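Structural description and commentary
In case you want the letters, here they are:
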Amino acid sequence: MSHISDNIFTIQPAEMSLSDLRRLYRADYQIKLDKAALPAIERARTTVEDIIAEGRTVYGINTGFGLLASTSIADEKLEELQSNLILSHSTGVGKDLGDDVVRLICVLKISSLSQGHSGIRLSTIKAFINFINAGLVACIPEKGSVGASGDLAPLAHMTLPLMGEGYVRYEGKKILAADALRQAGLEPISLSAKEGLAFLNGTQVSTALALVGLFYTEDIFAAAVVAGALSIDALKGSRAPFDDRIHAARRQPGQMAIAPKYLELLKGSSIMKSHLDCDKVQDPYSLRCQPQVMGACLDIINNAAHTLRIEANATTDNPLIFVGGDVISGGNFHAEPVAFAADTLALAICEIAGISERRQAILIDPKMSDLPAFLVKDSGVNSGFMIAQVTAAALVSENKTLAHPSSVDSIPTSANQEDHVSMATFGARRLGDMAFNSATVIAIELLAAAQGIDLRAPEKTSEKLQKMHDKIRAKVTYYDKDRYFAPDIEAITTLVMEGDFSAPVMDILPSGKD
C-alpha cells in the first residue's frame, strides 16, 4: 500500500489502495517513489541498452510503431524517434482535464513505469516526479482517445511538457511549458529508446477518469441513502421493509449490507413512533425497495472498484520487459476492463438518481405525502418545490441517454492495425457529467425531505438524521415562501459532491474498506 504522511504521497508501485487514491485526488500532495522500486527499474533499463548494444531489432525499442512496426530505426535516430512520437501523437482537442485528474493520471503512470516492465531510465522517472512536485500541471485536452493502444493522445500531451513542448498550468496560469520549466528551475529532458512509447501506451487516463467517477459515485450513493432515510421519515414510511430477515432470505450481498444502514439512520425517530399503529399497508416501491435497488447499485460499485483498483496498479504499456531479457509485445493497453467498469458505474449513477426523483414526486404530492402541496404553505401563491422536481426529472432523463454503454462501440484506427478499441476514455469521462446530474437530483431530495421533516414538527426525526438535517440547514434555510431557488440546490449539490453525507455508509463502500 502506498503511504501518505506529512503531505507526501509515497508511491509503492502495484500496491496503491483506493482510499489512498481517493485522498490523492482530493488533495495536492508531494510525490515520492519508494526506493524498493529502483532495482526493477534499472534491471529493465539494462535490458533495453543491451538490446541496442547487441544490434538486435525489437519492436518499441528500435522500430517504428503501429503499422510501421517492421521498420528498423538506426541507433543515431532513436532519440529523434521518441521525440517525433510524442509530437505527432499530441492531437487532443477540447477543454483541458482538471488539475486534480491530471495529477492522478501522473501518479498512475509513475506506478506503471516503476514496475520493471517498461525499460524507462530512473533519471526520466525522477524528472517526471520533480516536474509534478514543482507544481507544473500538463495541459491535457479531454478528447481524442479511443482507449486502445492506450490513451495515446492525452498521454502524449502529458509527456510533451517534460520535453519543453506544449502547455502547462503553473501558479494559476496556462503558459508555455518551456517558460514554466525555466521559471521552476527545471530542464527539459530528451527521451531515450523505448521511453516515448512507454509514456504513450497505457490506460492511465481512462483509469483516472473512471476512478474519479467511482469516487463521486460513492458519495452520491451515500447521500442518496441519507436522503432516502429522510424521505421515509418525512413521509411516515414503514421500517418493516428493512427487516434483516427479508434480505437474508434473498442473499444478495449489497442488499444485506445496505438495509441495516437505513434502520441505523431511522433509530429513535419520534416521527416514526407516531405512526406505528397507522393503517398503511405498503409504501410505494421508491421507499420500500430501497435496499433492493441500492443494494444492487452497491454490488455494481464494488465490482467496478475491484477492476479499477487492479488497473490502477497495473503495467499497461507495450512491449513489456521481463526478467531474463524477454521483450514481449501484447495488448495490455486495451482498456476494455476500464470501459466495462465505467459502463456499469453509469448504470448505478443513473438508477440512484432515478429512484430519488420518484421519492421527490411523492413528497410534493399532497395526496400521497399528507404534506402541503409542493412542500410549501400557502401553495398557489407559492409554487414551492414544483419546478425543483422538474429539474430532477430533466437530469434523470439526461442520464438515461448518457448511460448508453460506450464499450459496445468500436472503430478501427491506424490503417486497421488497431481494429478494435474500447472507447473507455469517453466512457469514463462521461461519468463526471452523470455524477453532477445525479448529485443535483440527490441534493433536491435532501432539500425536499428536510422540508418535509420540518413540516412534521413538533415531532422530530432521529438523532443521526437530525445531524444530516442540520448540515442542510447550515447552508439553506427553511423554505417558508418562494425565493430564488437555484443557489439552494447548488449549495447542497456541492455538499453531496464533496462527500459531506458519506460518513454513515462509508464503511461499506470500496474506498472505506480498502
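Preceding block: the structure.
This report concerns the structure included in the present document. (Residues numbered from 1 in each chain as written. Predicted model: local features only at pLDDT ≥ 70, side-chain atom pairs only at ≥ 80, totals over all residues. Heavy atoms only, no water.)

**As for the overall build of the protein chain**
As a reminder, the rule being used: A helix here means a DSSP run of H or I that spans at least four residues, while a strand means a run of E at least two residues long, and both kinds are numbered starting from the N terminus. The globule rule is 2.2 Å times the number of residues to the power 0.38, and the radius of gyration it is compared with is taken over C-alpha atoms. Exposure categories follow from relative accessible area, calculated using a 1.4 Å probe and restricted to protein chains: below 20% of the type maximum is buried, above 50% is exposed, and the middle band is partly exposed.
On a plain count of helices and strands, the protein chain comes out with 21 helices and 10 strands. A compact globule built from 514 residues would reach a C-alpha radius of gyration of about 24 Å, and the protein chain, at 26 Å, matches this within 12%. Structurally, the protein chain occupies a C-alpha span of about 85 × 50 × 45 Å along its principal axes. The proportion of buried residues among the 514 residues of the protein chain is 57%.

**Notes on the nonpolar core**
The test is simple: Definition of nonpolar core: a set of buried residues of the types Ala, Val, Leu, Ile, Met, Phe, Trp, Tyr and Cys, connected through side-chain atoms within 4.5 Å. Whether two residues are in contact is decided by their heavy atoms, any of which lying within 4.5 Å being enough.
Residues L211, F221, L446 and F501 are the most contacted members of the largest nonpolar core, which totals 162 residues. If sequence neighbours within four positions are ignored, L211 has contacts with L18, L21, L104, L108, L308 and A312.

**Some details on the sheet that holds strand β7 (residues 167-170)**
Condition: Whether two strands pair depends on DSSP finding at least two bridges between them.
Ordered in space as β5-β7-β8, the three strands form an open sheet in which the pairing is antiparallel. Two strands bound the open sheet, and with one partner strand each, they are β5 (137-138) and β8 (173-176). In this structure, β7 lies alongside β8, joined through four bridges in antiparallel fashion. Paired with Y167 across the two strands is L176, which belongs to β8.

**Comments concerning the packing of aromatic side chains**
Put simply, the test is: Paired rings are identified among Phe, Tyr and Trp, the last through its six-membered ring, by centres lying within 6.5 Å, and are further divided according to the angle between planes into stacked (under 30 degrees), edge-to-face (over 60) and tilted (the rest).
Counted under the stated rule, the structure contains seven aromatic pairs. The interplanar angle of 90° and the centroid separation of 6.2 Å between the aromatic rings of Y25 and Y216 together place this pair among those described as edge-to-face. Taken together, the residues span a long stretch of sequence, with Y25 in helix α1 (residues 18-26) and Y216 in helix α9 (residues 204-234) at a distance of 191 residues. Take Y25: its relative accessible area is 6%, and that puts it in the buried class. The buried category is assigned to Y216, whose relative accessible area is 18%. Here the aromatic rings of F128 and F199 are separated by 5.6 Å at their centres, their planes lie at 75°, and the arrangement is edge-to-face.

**With respect to a nonpolar patch on the surface**
Our working rule: To count toward a patch, a residue needs a relative accessible area above 30% and no salt bridge. Like charges then connect within 9 Å, nonpolar side chains (Val, Leu, Ile, Met, Phe, Trp, Tyr) within 5 Å. Here, Shrake-Rupley sampling with a 1.4 Å probe gives the accessible areas, and only protein chains in the shown set may cover a residue. Each salt bridge in this description consists of a side-chain nitrogen of Lys or Arg and a carboxyl oxygen of Asp or Glu lying within 4 Å of one another.
Taken together, the side chains of M386, I387 and V390 present a nonpolar region at the surface, about 240 Å² in accessible area. You can call M386 partly exposed: its relative accessible area is 30%.

**Concerning the sheet that holds strand β2 (residues 8-11)**
Stated precisely, the cut-off is as follows: Only the stretch in contact is used when a helix axis is fitted, and all axes are lines through C-alpha atoms; the angle between N-to-C directions ranges over 0 to 180 degrees.
Pairing within the open sheet is mixed, and its three strands lie in the order β1-β2-β3. Two strands lie at the open edges of the sheet, namely β1 (3-5) and β3 (30-33), each paired on one side alone. The sheet shows a mean angle of 25° between the axes of neighbouring strands, taken without regard to direction. The pairing of β2 with β3 spans four bridges and is parallel. From the neighbouring strand, I11 faces β3, where its bridge partner is L33.

**A short note on a positive patch on the surface**
Here is the rule: Just so you know, the count uses Lys and Arg for positive and Asp and Glu for negative, and it drops His and the chain ends. Lysine's charge is taken at NZ, arginine's at CZ, aspartate's at CG and glutamate's at CD.
A contiguous patch of positive charge on the surface is contributed by R239, K267, K464 and K467. Its place among the elements puts K267 in the loop between α11 (253-266) and α12 (270-273).

**What to know about the packing of α1 against helix α4 (residues 99-113)**
Note the cut-off: We call two directions roughly parallel when the angle between them is under 35 degrees, roughly antiparallel when it is over 145, roughly perpendicular when it lies between 65 and 115, and oblique otherwise. Only Asp, Glu, Lys and Arg are considered charged, only Ala, Val, Leu, Ile, Met, Phe, Trp, Tyr, Cys and Pro nonpolar, and every remaining residue, Gly among them, polar.
The geometry of α1 relative to α4 is characterised by a closest axis approach of 8 Å and an angle of 140° between their N-to-C directions. Between α1 and α4, the crossing angle belongs to the class labelled oblique. Contacts between α1 and α4 involve L21, L24 and Y25 from the first element and D100, V101, L104, V107 and L108 from the second. Split into classes, the residues belonging to the contact of α1 with α4 amount to seven nonpolar, no polar and one charged.

**Here's the deal with the side chain of T316**
Put simply, the test is: For the purposes of these results, a polar contact is taken to be a pair of N or O atoms within 3.5 Å, where, inside protein, one atom must be able to donate a hydrogen and its partner to accept one; residues adjacent in sequence count only when each atom of the pair is a side-chain atom.
If you trace the backbone, T316 turns up in the loop between α14 (290-312) and β9 (320-321). Given the relative accessible area of 2%, T316 is considered buried. At 3.1 Å, the side chain of T316 forms a polar contact with the side chain of Q204. Excluding residues that lie within four positions of it along the chain, T316 makes contacts with S112, N201, G202, T203, Q204, E311, N332 and F333.

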